[in-house]
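A structural walkthrough
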Amino acid sequence: MAASAHALHILVKHKEIAEDIIKQLGKGAKFQTLAKKYSTCPSGKKGGDLGEFKRGQMVPQFDKVAFSGAILEPHLVKTKFGWHVIKVLYRT
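Being a predicted model, the structure only gives us computed values, none of them experimental. (Residues numbered from 1 in each chain as written. Predicted model: local features only at pLDDT ≥ 70, side-chain atom pairs only at ≥ 80, totals over all residues. Heavy atoms only, no water.)

Spatially, four strands are ordered E2-E1-E4-E3 in an open sheet, and the strand pairing comes out antiparallel. Every interior strand has two partners, whereas the edge strands, strand E2 (49-54) and strand E3 (74-79), have only one. For this sheet the average axis-to-axis angle between neighbouring strands, irrespective of direction, equals 40°. In terms of strand pairing, strand E1 (residues 4-12) meets strand E4 (residues 82-91) through eight bridges, oriented antiparallel. Following the sheet pairing, Leu 8 is matched in E4 by Lys 87. Contacts between helix H2 (residues 31-38) and the sheet are confined to E1 and E4, with E1 contributing the most and set at about 45° to the helix. (Pairing = 2+ DSSP bridges. Helix = DSSP H or I, 4+ residues; strand = E, 2+ residues; numbered from the N terminus. Axes fitted to C-alpha atoms, helices over the stretch in contact; angles between N-to-C directions. Contact = heavy atoms within 4.5 Å.)

Moving on, we get to the pairing of E3. The two faces of E3 differ: His 75, Val 77 and Thr 79 on one face are buried, but Pro 74, Leu 76 and Lys 78 on the other face are not. Both E3 and E4 contribute to a ladder of six bridges, which runs antiparallel. Residue pairing across strands places Val 77 opposite His 84, the latter belonging to E4. (Buried < 20%, exposed > 50% of the residue type's maximum accessible area, 1.4 Å probe, protein only.)

Secondary-structure assignment places Ser 39 in the loop between H2 and E2. Among all residues touching Ser 39, those that are not within four sequence positions of it are His 9, Ile 10, Leu 11, Leu 34 and Gly 44.

This paragraph deals with unusual backbone geometry. For Leu 72, which is not glycine, the phi torsion reads 65° and is therefore positive. Relative to the elements of secondary structure, Leu 72 occurs in the loop between helix H3 (60-68) and E3.

Considering all chains together, one arrives at one salt bridge under this definition. Linking Glu 19 and Lys 15 is a salt bridge whose minimum nitrogen-to-oxygen distance equals 3.9 Å. Pair noted here: Glu 19 and Lys 15 are both in helix H1 (residues 15-26), with a separation of four residues, about one helical turn. A residue is classified by how much of its surface remains accessible, and Glu 19, at 33% relative accessible area, is partly exposed. (Salt bridge = Lys/Arg side-chain N within 4 Å of Asp/Glu carboxyl O.)

What follows covers the nonpolar core. Of all hydrophobic cores here, the largest spans 12 residues; its members are Ala 2, Ala 5, Ala 7, Phe 53, Val 59, Phe 62, Val 65, Ala 66, Phe 67, Val 77, Ile 86 and Val 88. Every element with two or more residues in this core is listed here: E1, H3 and E4. A total of four residues in this core trace back to one element, the largest contributor, which is H3. With sequence-adjacent residues up to four places away left out, Phe 62 is seen in contact with His 9, Leu 50, Phe 53, Val 77, Thr 79, His 84 and Ile 86. (Core = buried A, V, L, I, M, F, W, Y, C linked by side-chain atoms within 4.5 Å.)

Glancing now at the UniProt feature "domain: PpiC" (unreviewed entry) in the chain. As recorded in UniProt, the sites labelled "domain: PpiC" (unreviewed entry) are residues 2-90. The span residues 2-90 shows a helical share of 33% and a strand share of 34%, and its end C-alpha atoms are spaced 10 Å apart. (UniProt positions renumbered as here; feature names shortened; annotations may be inferred.)

So, in structure tokens, the structure goes:
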């Protein structure tokens, strides 16, 4: 079981925007470029890079995807902060 993960994310207020971002990613758009353009999280300036974090550091919905979702695939998750498009880079 992985103890830490490294992920990128894009935080937006509306599900429709998050779904559109996932469509753009499917057409080859770069995750970091979309994060800089759309994300309301301060990490957006760094291309959505959250760095490496430990299990339990993120809110439960985010944690679940970070530690059990497919790696390098965009995931749509709703939390108290809004809608996240999450891309897990690796787990250790």
